[in-house]
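# Understanding the architecture of this molecule
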Amino acid sequence: MLIRPAADDFRTIGAALGRIMLVVAGASTLPMLWALIGAEWHPLGSFVLMAGIFALVGSLLIRVSLAPRRMVQTDQDHLGWSHGMVVVALTWIIVPLIGSVPFLLSGHFASPLDAYFDAMSGLSTTGLALVQDLDHLAPSLNFWRHLLHFLGGQGIIIAALVLFAGRGITALFAGEGREDRLLPSVQSTAKAIWAVSLLHMVVGVVALGIVGYFVLGFDPVRSVFHALMIFFAAFDTGGFSPQSTSLGYYHSAIYETVTAVLMVAGALSFGLHFRMWSGAARRSHEHVRQNDTHDRDAGSRWIVLRSLETRTILLTFGFTMVLTLFGLAALGIYTSVGGLSRQGFFQILSAHTGTGFTTVPSSELALWGGMAFGGLAIAMALGGMASSTAGGVKALRVGLILRAIRNDVRGDLLPEGALVDDSYYQFGRHRLTHDVARSAMVVSLLFVGLFLAGAGVGLAYGVPFQQALFESVSAGASVGLSSGVTAPTMPVFLKLTYIVEMLLGRLEFIAVFVLIGFVYSWIRGR
Amino acid sequence: MRRMILAAAVGLVLVLANPATAGEIAVSDLVSDGASFAGGEVTVVGELIGDYGRRRNGWTWTQLNGDSYAFAPVVDGGELSGSNIGIGVRIPSEIADALDPPGRYRTVGPIVQLTGIWKYHDPDRQGETYLEVTDLTILERGRPLSESPEWSIYLAGFVLLAIAALVMWQYTRKRDAVG
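Residues numbered from 1 in each chain as written. Chains lettered and ligands numbered in written order. Predicted model: local features only at pLDDT ≥ 70, side-chain atom pairs only at ≥ 80, totals over all residues.

For the rest of this paragraph, the subject is the overall build of chain B. Scanning chain B from N- to C-terminus turns up four helices and seven strands. Counting from the amino terminus, helix and strand elements in chain B follow one another as α-α-β-β-β-α-β-β-β-β-α. Residues classed as buried in chain B amount to 34% of the 179 residues present. A separation threshold of at least 6 residues defines the contact pool for chain B, and within that pool the share at least 24 residues apart is 62%. (Helix = DSSP H or I, 4+ residues; strand = E, 2+ residues; numbered from the N terminus. Buried ≥ 20, exposed ≤ 12 C-beta atoms within 10 Å, placed from the backbone. Contact = placed C-beta atoms within 7 Å.)

Check the secondary structure of chain A and you find 24 helices and two strands. Counting over 526 residues, chain A shows a buried share of 59%. Long-range pairs, those at least 24 residues apart, make up 74% of the contacts in chain A between residues at least 6 apart in sequence.

Turning next to the packing of helix α22 (residues 465-476) of chain A against helix α23 (residues 492-507) of chain A. All names here are of chain A. Orientation of α22 relative to α23, taken along the N-to-C sense of each, is 45°, at an axis distance of 7 Å. Classified by the angle their axes make, α22 and α23 are oblique. Taken together, the residues of α23 that come into contact with α22 (itself represented by S472, A475 and G476) are Y498, E501, M502 and G505. Of the residues assigned to the contact of α22 with α23, the class counts are three nonpolar, three polar and one charged. (Axes fitted to C-alpha atoms, helices over the stretch in contact; angles between N-to-C directions. Parallel < 35°, antiparallel > 145°, perpendicular 65-115°, else oblique. Nonpolar A, V, L, I, M, F, W, Y, C, P; charged D, E, K, R; others polar.)

This next bit is on the environment of P488 of chain A. Here P488 of chain A lies in the loop between α22 and α23. Taking the C-alpha atoms as reference points, P488 of chain A and F470 of chain A, 18 residues apart in sequence, are found 18 Å from one another. Excluding anything up to four places from it in sequence, P488 of chain A contacts A110, D114, L130 and Q132 of chain A together with G82 of chain B.

Right, here's the structure in full:
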């Protein structure tokens, strides 16, 4: 029997949602400040309106949800797992809705749906875009587009967690597809994630700014502008760019290299970042050496390379790279080894990290058939590491599935009764139980289903199969590479399909499924 | 008969007055089918946009857009007509130094006619594609644009912020009273 949610459930969800809206209202002062400094008076008005809507929605939700007798209690004290999931899903639907207001008022979008598409694409760190005349867009609006990447990639919920503590926040944390708890509390973990990100931001912007000024010959202000935009999009594996020709605009191998480093950094799990930055690996090695223990994994100086996830991503990256390069060589698109390797490497890295930057036009990507297409599509679908800003199936799940298959085959080959080592190393030894393998398999199959469903819709509108699949994988895996299908003129239902794919792929299904279940039990429950 | 000769003469004069348009191709053709023009001399018209990246080797890199926004940007009331269509171009710096600022927000860049070699997947630059400019003609100078604020949007925004502040003030006051 379905149990209809009680009024208290709505109040709990409303209060948590209201607080998150207030956090986003606070964040929207940043583009406001940008517009003010740049004397961009038209966009400034739209940012004031957006902040007003966020603030009003947030304050009303808090006021309505917390009746006077409950005001002394913190709403998170009642926040259960399902509440947290509903809050996350609603956040990811409502923030792009209100966040699209400045886009719509800019006149650069043909409809509210197009503006919502770009806001969802920004927040979900996808990077597909329907903006028109991007090259004349106000810098403050460009900043807002890229800031959405940062908010989505680092996690709006994470930002809220830094500000509000409570018992139920673990659900909020997990709802955004994060599993690593690096420190004893979720709140301290959230702070650590933001600290790591801000440190990368300083290093990344300085590095790109130096290259922009000294190598590309941009003026100082524009060097910093480009550096900041590209940092947001690269580190958060987003893929928006301030110019319509994406990374191809810069015509610089050095700029691409620095960007590639940031893309890789964004695709690594925050757990891995934290362990590298905090020197956890070194300390672990010292501990093992001093205590003469026999855990060869924990004692390795190259502990990072021993984890199942790192090994898997290196394997899949190598595989898709070889596939793409052979495919490009067979097609004869590039006549030089330098061209083949630079263009092939950048595109495949962009696909595998889920970034979506490109150095070639989409019309050219559409010509990458055969193995080159296969390599790109597989790289996009697999994605980066778990608990990173990248989308896709994720390396850990792929590694677990491959390991489970290997164990099954080994079990069949060994004599009856022989034991198969079913453990794996992921910063500590873990058992690969059937539940773990099944969970990895289920999410992976959901991703495959999502990609095929999106491709089916594209096919129904007459898009060729290769392009339909490419675009669907790109949307569902939060990548943003386009073969030319994504355009303001595409059918409304196809736009809606990609929006849903972006949402489901970014939240890895569960939070959205719980929201659907919540609404269903509200309607049909007793 | 005399009318026909006169019309033909006028037509001939118009063609000769703008001789470069004869070999001109659209930027969109270069983007969609770049391979067909690889290594050939092409002439394109459009707006210089983005930045002038002045490099130490004597070249300046920028972007040439050949879409409708080059002539009527959205900020200037231009109609929406899809995404930008642009190509990378590199111009000898001594030519680029004389150009008006490139197109951006509230700026229309110079509208130019460029003739040059279409470097498609240039092996010397690891597969980059761009136009190496040999001749540049300014058709229209760049110009600044203005965009006035919409005060009604400001008003709506500030009203919503004021209501939100009022709601939160009332909420915290009651909470403190209950606590």
